[in-house]
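Letter by letter, the chains look like this.
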Amino acid sequence: MSMGLIIFLVILFIAAMGGTFFAFKQEEDKMKKYEEEGDSFEDQLRRSHEYETSSLRTNVPIQLAIYGITITVSLIVFAIYVF
């Protein structure tokens, strides 16, 4: 495997991990905010219903785009490696 390909894959992995940790940190901060405000059962239920309705409109298309880009880039890198 060429050194350039290895470096590219390592950078891609680091970027993916960084994005994951960034999203995790945002969710963690959101949970701390809810705890500080005095989170009630009604608030939790309301947020759960809001998430269910908004998730299909926003999160799923974003995830599909991320997976599509990742798979495409991986296939391109694999094709470059094979040829």
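Structure's up top.
Okay, so let's go over this structure. (Residues numbered from 1 in each chain as written. Predicted model: local features only at pLDDT ≥ 70, side-chain atom pairs only at ≥ 80, totals over all residues. Heavy atoms only, no water.)

**Let's talk about the pattern of salt bridges**
When their charged atoms lie close together, side chains carrying opposite charge are able to pair. Enumeration according to the criterion identifies five salt bridges in this entry. When the shortest N-O distance is used, the salt bridge between Lys-30 and Glu-27 registers 3.3 Å. Here Glu-27 and Lys-30 lie together in helix α1 (residues 3-36), a separation of three residues that amounts to about one turn. For Glu-27, a relative accessible area of 42% puts it in the partly exposed group. A salt bridge links Glu-50 to Arg-46; the nearest nitrogen and oxygen atoms lie 3.2 Å apart. (Salt bridge = Lys/Arg side-chain N within 4 Å of Asp/Glu carboxyl O. Helix = DSSP H or I, 4+ residues; strand = E, 2+ residues; numbered from the N terminus. Buried < 20%, exposed > 50% of the residue type's maximum accessible area, 1.4 Å probe, protein only.)

**Structural notes on the layout of surface pockets**
Roughly 470 Å³ of internal volume is contained in the largest pocket. What lines the largest pocket is a set of 15 residues, among which Ala-16, Gly-19, Thr-20, Ile-66 and Tyr-67 lie closest to the centre. Listing elements by their share of the lining of the largest pocket, those giving two or more residues are α1 and α2 (41-82). Across the lining of the largest pocket, the residue classes break down as ten nonpolar, five polar and no charged. There is about 290 Å³ of room inside the second largest pocket. Taken together, Glu-27, Lys-30, Met-31, Tyr-34, Arg-47, Ser-48, Glu-50, Tyr-51, Ser-54, Thr-58 and Asn-59 make up the lining of the second largest pocket. Residue assignment for the lining of the second largest pocket shows that the elements contributing at least two residues are α1 and α2. No other element matches α2, which puts seven residues into the lining of the second largest pocket. Considering only residue class, the lining of the second largest pocket consists of three nonpolar, four polar and four charged. (1 Å grid on protein atoms, 1.4 Å probe; cavity = no way out; pocket = protein on both sides within 12 Å on 5 of 7 lines; lining within 4 Å. Points joined across faces, edges and corners; volume = space filled by probe spheres on them. Nonpolar A, V, L, I, M, F, W, Y, C, P; charged D, E, K, R; others polar.)

**What to know about the side chain of Arg-47**
With respect to the element layout, Arg-47 can be found in helix α2. Taking relative accessible area as the criterion, Arg-47 reaches 18% and is therefore assigned buried. With near-sequence residues (within four places) excluded, Arg-47 lies in contact with Tyr-34 and Asp-39. (Contact = heavy atoms within 4.5 Å.)

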